[in-house]
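# Reading the structure
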Amino acid sequence: MRLFLLLAACTAALPALAQDRPAPGQITVNAPAAQPQATVIAEPVALLIAGFDADGDARVTRAEFDAGLKRSFDSADTGHVGALGYIAYSDWSLRWMGDRNTLPSPFEMDRDGDNKVSWAEFQDRFALIWARFDKNQDGVIDRSELVAIRPPAFSPIDGKGKRGRR
């Protein structure tokens, strides 16, 4: 009985083993190496700003920024009350920045603690964001100002099996 079970298990495994080996004369292609870790990144708010580029010149002027910001705010302010509750702000963040938990958070923006983000609070916070991204202070944010260079997160393993600098 044990011999029968052993033979049955081997027979069931044969098709899987045969798939790993190429047929005679078959050309094989090596699988591509894993994609290298990105070293140039963009914050979700940077992607939002890039989306405000109305004329497609890969630069966002302050006028484009203000118009895009108002358009995005109004899309979430469905009651046209001039403020977003925290849930509406979360919906705005999901739609415009890709996730409900991106920064700035509604708690950071709600300066008067009334549990909603007014248009004025929204504008004030984004004025600070504009200033942070307009690094050369020329009144225009170009793509190079929206990305950040970061070092790889992990160092290669040295010859002694330790991670670190060489």
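Above this note sits the structure.
Residues numbered from 1 in each chain as written. Predicted model: local features only at pLDDT ≥ 70, side-chain atom pairs only at ≥ 80, totals over all residues. Heavy atoms only, no water.

Before going further, it helps to examine the overall build of the protein. For the protein, the helix and strand inventory stands at 7 helices and 6 strands. Secondary structure of the protein in N-to-C order comes out as α-β-α-β-α-β-α-α-β-α-β-α-β. Of all 166 residues assigned to the protein, the portion counted as buried reaches 25%. Sequence-distant contacts in the protein: of pairs separated by 6 or more residues, those separated by 24 or more amount to 53%. Taken as a whole, the protein presents about 11,800 Å² of accessible surface, with 59% of it coming from carbon and sulfur. (Helix = DSSP H or I, 4+ residues; strand = E, 2+ residues; numbered from the N terminus. Buried < 20%, exposed > 50% of the residue type's maximum accessible area, 1.4 Å probe, protein only. Contact = heavy atoms within 4.5 Å. Areas by Shrake-Rupley, 256 points an atom, 1.4 Å probe, with all protein chains shown as cover.)

The subject of this paragraph is the pattern of salt bridges. Within the structure shown, the criterion is met by 6 salt bridges. Between Glu-43 and Arg-132 there is a salt bridge whose closest N-O contact spans 2.9 Å. A residue pair is termed long-range when its members are at least 10 positions apart, and Glu-43 in the loop between strand E1 (40–42) and helix H2 (44–51) and Arg-132 in helix H6 (residues 119–133) qualify at 89 residues. According to the relative accessible area criterion, Glu-43 is partly exposed, its value standing at 35%. Arg-132 sits in the partly exposed class, given a relative accessible area of 44%. (Salt bridge = Lys/Arg side-chain N within 4 Å of Asp/Glu carboxyl O.)

Another point: the nonpolar core. With 25 residues, the main nonpolar core has Ile-49, Phe-65, Trp-92, Phe-122, Phe-126 and Phe-133 as its most contacted residues. Where this core is concerned, the elements lending two or more residues are H2, helix H3 (62–76), helix H4 (86–97) and H6. In this view, Ile-49 contacts Val-60, Phe-65, Ile-129, Phe-133, Ile-141 and Leu-146; residues no more than four positions away in its chain are not counted. (Core = buried A, V, L, I, M, F, W, Y, C linked by side-chain atoms within 4.5 Å.)

A word on H3. In a regular helix each residue adds 1.5 Å, so 15 residues correspond to 21 Å; H3 covers 21 Å between its end C-alpha atoms and thus fits that length. Along H3, the positions that sit buried rather than exposed are Glu-64, Phe-65, Gly-68, Leu-69, Ser-72, Phe-73 and Ala-76. Buried residues of H3, viewed axially, fall in a sector of 160 degrees; they line one side. Those residues of H3 that are buried are in contact with H2, strand E2 (59–61), strand E3 (83–85), H4, strand E4 (116–118) and H6. (Expected span 1.5 Å × (residues − 1). Arc of directions from axis to C-beta.)

Time to look at unusual backbone geometry. If a residue is not glycine, its phi is most likely negative; likewise, a peptide bond is most likely trans. Omega for the bond connecting Leu-103 with Pro-104 falls within 30 degrees of zero, at 10 degrees, which places this linkage in the cis form. With respect to the element layout, Pro-104 can be found in the loop between H4 and helix H5 (106–109). In this structure, Ala-58 takes a positive phi of about 65 degrees despite not being glycine. When its relative accessible area of 33% is taken as the criterion, Ala-58 is described as partly exposed. The phi dihedral of Gln-137 is positive, around 55 degrees, even though this residue is not glycine.

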